[in-house]
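So the chains spell out like this:
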Amino acid sequence: MLKKLSVFLLIFTMPVIAYGASLCGQSYYKNCNAGYYLSNRNCLACTGCTDCTSTSWANLGAGYQSRTARTCNCNICNSSTEYRCAPGYYGTTTNGVTGCAACPSGGMSAGGNGTQITSCYTLTITGSDGNGAWEYATPPCYYSL
């Protein structure tokens, strides 16, 4: 009985290494090289995507913009929605609803780039004091912390 058990264990504990180079005489690839994709067990050359360009930024609500971002991965056009703060606003948004604030005193900003108030600027600064009115007009004047 001991001999039969040891033969049984030897047969059923040996690793199976029949995976990889061929399957029933056909080439079989698990992964393809860069520039190729797997289709029905064959690696085919990528041909690119057609009409896979991102849309322009469009206004959502006050202070927010969104666009559909598209990227080509081999033959597949992937798309996702991106959000940013609109020009004249600063901050960070991930949903196009919260996270952006208006630049103070009618200030301006380039849309989407500024996460802090220091990305806001004015083209002219006017004011007055006891001696009269004045204007500082060397644009742009950025806010500082």
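Summary of the structure given here. Just so you know, these numbers come straight off a predicted model, no measurement behind them.

### Things to note about the overall build of the protein
Here is step 1: Within the protein one finds one helix and 13 strands.
Here is step 2: Along the protein, helices and strands appear, N-terminal first, in the series α-β-β-β-β-β-β-β-β-β-β-β-β-β.
Here is step 3: Taking all 145 residues of the protein together, the buried fraction comes to 17%.
Here is step 4: For the protein, the proportion of contacts with a sequence separation of at least 24, taken over those separated by at least 6, is 25%.
Here is step 5: Total accessible area computed for the protein in this model is approximately 10,800 Å², and 55% of it derives from carbon and sulfur atoms.

### Description of the pattern of salt bridges
Here is step 1: Taken as a whole and assessed by the stated rule, the structure comprises one salt bridge.
Here is step 2: The salt bridge involving Arg 67 is made with Glu 82; its shortest N-O contact spans 2.9 Å. Of the two residues, Arg 67 sits in strand β6 (residues 64–73) while Glu 82 sits in strand β7 (residues 76–85), which places them 15 residues apart along the sequence.
Here is step 3: A relative accessible area of 24% means that Arg 67 is categorised as partly exposed.

### Things to note about the state of the cysteines
Here is step 1: Counted under the stated rule, the structure contains six disulfides.
Here is step 2: Note that Cys 85 is cross-linked by a disulfide to Cys 100, the S-S spacing being 2.0 Å. Across the S-S bond linking Cys 85 and Cys 100, the dihedral sits near -90 degrees, which makes this disulfide left-handed. Note that Cys 85 is positioned in strand β7 and Cys 100 in strand β9 (residues 100–102), a separation of 15 residues in sequence.
Here is step 3: Here Cys 85 falls in the buried class, since its relative accessible area comes to 2%.
Here is step 4: With its sulfur 2.0 Å from that of its partner, Cys 103 forms a disulfide with Cys 120. Disulfide Cys 103-Cys 120: the torsion about the S-S bond is -70 degrees, which places it as left-handed. Taken together, the residues span a long stretch of sequence, with Cys 103 in the loop between β9 and β10 (121–122) and Cys 120 in the loop between β9 and β10 at a distance of 17 residues. There is no split in this pair, since Cys 103 and Cys 120 are both buried.
Here is step 5: Bonded cysteines in the protein are paired 1-2, 3-7, 4-6, 5-8, 9-10, 11-12 when counted in the order they occur along the chain.

### Details of the packing of aromatic side chains
Here is step 1: All told, the structure shown has one aromatic pair when counted by the stated rule.
Here is step 2: Measuring from centroid to centroid gives 5.3 Å for Tyr 121 and Tyr 142, while their planes differ by 50 degrees, and the two rings are tilted. Residue Tyr 121 is located in strand β10, and its partner Tyr 142 is located in strand β13 (residues 141–142); the two are separated by 21 residues in the primary sequence.

### Description of the pairing of strand β3 (residues 36–39)
Along a regular strand, successive side chains alternate from one face of the sheet to the other.
Here is step 1: Across four bridges, the pairing between β3 and strand β4 (residues 42–45) is antiparallel. Looking across to β4, one finds that Tyr 36 is bridged to Ala 45.
Here is step 2: Two successive antiparallel strands, β3 and β4, enclose a turn made up of two residues, where Asn 40 displays a positive phi of approximately 50 degrees.

Conventions and cut-offs
Along each chain, residues carry numbers from 1 onward, in the same order as the chain's sequence is written. Reporting in this predicted model follows two pLDDT cut-offs: at least 70 for local features of residues, and 80 or more for side-chain atom pairs to be given and counted; totals over whole chains, interfaces and linings ignore these cut-offs and use all residues. The basis for every side-chain value is the complete set of heavy atoms in the structure, and neither hydrogens nor water enter the calculation. Secondary structure follows DSSP: runs of H or I at least 4 residues long count as helices, runs of E at least 2 residues long count as strands, and numbering of each begins at the N terminus. The classification of residues rests on relative accessible area computed with a 1.4 Å probe and restricted to protein chains. Under 20% of the type maximum is buried, over 50% is exposed, and intermediate values are partly exposed. Residues are treated as being in contact if the distance between any of their heavy atoms lies within 4.5 Å. Working definition of accessibility: Shrake-Rupley area with a 1.4 Å probe, residue cover restricted to the visible protein chains. Any Lys or Arg side-chain nitrogen located within 4 Å of an Asp or Glu carboxyl oxygen qualifies as a salt bridge. The rule for a disulfide is simple: a pair of cysteine sulfur atoms within 2.5 Å. Between the rings of Phe, Tyr and Trp (Trp by its six-membered ring), a pair exists once the centres lie within 6.5 Å; its type follows the angle of the planes, with under 30 degrees stacked, over 60 edge-to-face, and the other angles tilted. Should DSSP find at least two bridges between two strands, the strands are regarded as paired.

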